[in-house]
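A structural walkthrough
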Amino acid sequence: MEGRKVVSHEEWLAARRQLLAEEKELTRLRDRLSQRRRDLPWEPVDQDYVFEGPGGRKTLSQLFDGRHQLAVYHFMLAPDWEEGCKSCSFWADNFDGIDVHLRQRDVSFLAISRAPLPRIEAFKKRMGWTFKWVSSFGSDFNFDYNVSFRPEGSVTTEGVYNYAPRKTTMAELPGMSVFYKDDDGRIFHTYSCYARGLDMLNVAYHWLDLVPKGRDESGPHKMWWVRLHDEYER
């Protein structure tokens, strides 16, 4: 890269140690923030949502699969879309294989979309993913958790996204939510995040943040470069 400063090993080591001190402070800050996230109050989930999965219809309670904690990725795939959102797919490429580890910590993980199950299954097969993915088609689940909206054609809809009013012509936007089920079967919503808050779920972005050119994104739509993984030029 042009204009990059090149120094001796000793100078590089001094600069690296200085940065290490800041990285450690960020780690400590992140740990404190994570604890505050876990300390948030909970809200009860009173609606009996029903979903369609490969094993048939299941309630939200059944999606916990015998565990106390449920982590959900709200995947952008509307009922009339032919394929899933390319950005959500970028995130989903990081999900395969994590569920077996999460289960060891009392967590069930899955994705939920409004598209009917056959459309979900077809896209999942195309992408080669193995994580669990169910349909909330016909349910208010996505609307209640502020990731689906009801715009008509190009008409702008008023909604709430990322905890603030938002006007959008989009039918879907991304997010993630966490739920807890106690031993009496009561379900609570403990956390949701959206937009840049989802960066922490994308391991590929964390790798890009480590290399010299970083994410190398620019322009009005910074993720213009992202494609479904079977559409990149080989």
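Along each chain, the written sequence defines residue order, and numbers are assigned to residues from 1. For this predicted model, a pLDDT threshold of at least 70 governs which residues receive local features, and a threshold of 80 or more governs which side-chain atom pairs are given and counted, while totals over whole chains, interfaces and linings are taken from all residues. Side-chain measures were taken over the full set of non-hydrogen atoms in the model, leaving aside hydrogen atoms and water.

1. Concerning the packing of aromatic side chains
Basically, it comes down to this: Note on aromatic contacts: the rings of Phe and Tyr and the six-membered ring of Trp form a pair at centre separations within 6.5 Å, being stacked when their planes are under 30 degrees apart, edge-to-face when over 60 apart, and tilted otherwise. Helix and strand assignments follow DSSP, with helices taken as H or I runs no shorter than four residues and strands as E runs no shorter than two, numbered in order from the N terminus. Relative accessible area decides the class of each residue, using a 1.4 Å probe on protein chains only: under 20% of the type maximum gives buried, over 50% gives exposed, and in between gives partly exposed.
All chains considered together, the criterion is met by 28 aromatic pairs. Between tryptophan 42 and tyrosine 180 the ring centres are 4.9 Å apart and the planes differ by 35°, which places this aromatic pair in the tilted class. Taken together, the positions of tryptophan 42 in the loop between helix 1 (9–38) and strand 1 (43–44) and tyrosine 180 in strand 9 (residues 175–181) put the pair 138 residues apart, joining distant regions of the chain. According to the relative accessible area criterion, tryptophan 42 is partly exposed, its value standing at 43%. You can call tyrosine 180 partly exposed: its relative accessible area is 23%.

2. Brief notes about the state of the cysteines
Stated formally: Note on disulfides: each one is a pair of cysteine sulfur atoms within 2.5 Å.
According to the stated counting rule, one finds zero disulfides in the structure shown. Free cysteine cysteine 85: the closest other cysteine sulfur is in cysteine 88, separated by 4.0 Å. The class of cysteine 85 is buried, set by a relative accessible area of 14%. Considering cysteine sulfurs only, cysteine 88 is the nearest to cysteine 193, which forms no disulfide, with 12 Å between them. Take cysteine 193: its relative accessible area is 5%, and that puts it in the buried class.

3. Describing the pattern of salt bridges
What counts, and what does not: Every case where a carboxyl oxygen of Asp or Glu lies within 4 Å of a side-chain nitrogen of Lys or Arg is listed as a salt bridge.
Taken as a whole and judged by the stated rule, the model has 17 salt bridges. When the shortest N-O distance is used, the salt bridge between arginine 67 and aspartate 65 registers 3.4 Å. For arginine 67, a relative accessible area of 18% translates into the label buried. The salt bridge involving glutamate 82 is made with arginine 119; its shortest N-O contact spans 4.0 Å. Of this pair, glutamate 82 sits in the loop between strand 4 (69–74) and helix 3 (86–92) while arginine 119 sits in helix 5 (residues 117–127); the two residues are 37 residues apart in sequence, bridging distant segments of the chain. Using a relative accessible area of 65% as the deciding quantity, one classes glutamate 82 as exposed. Accessibility expressed as a relative area gives 27% for arginine 119, which makes it partly exposed.

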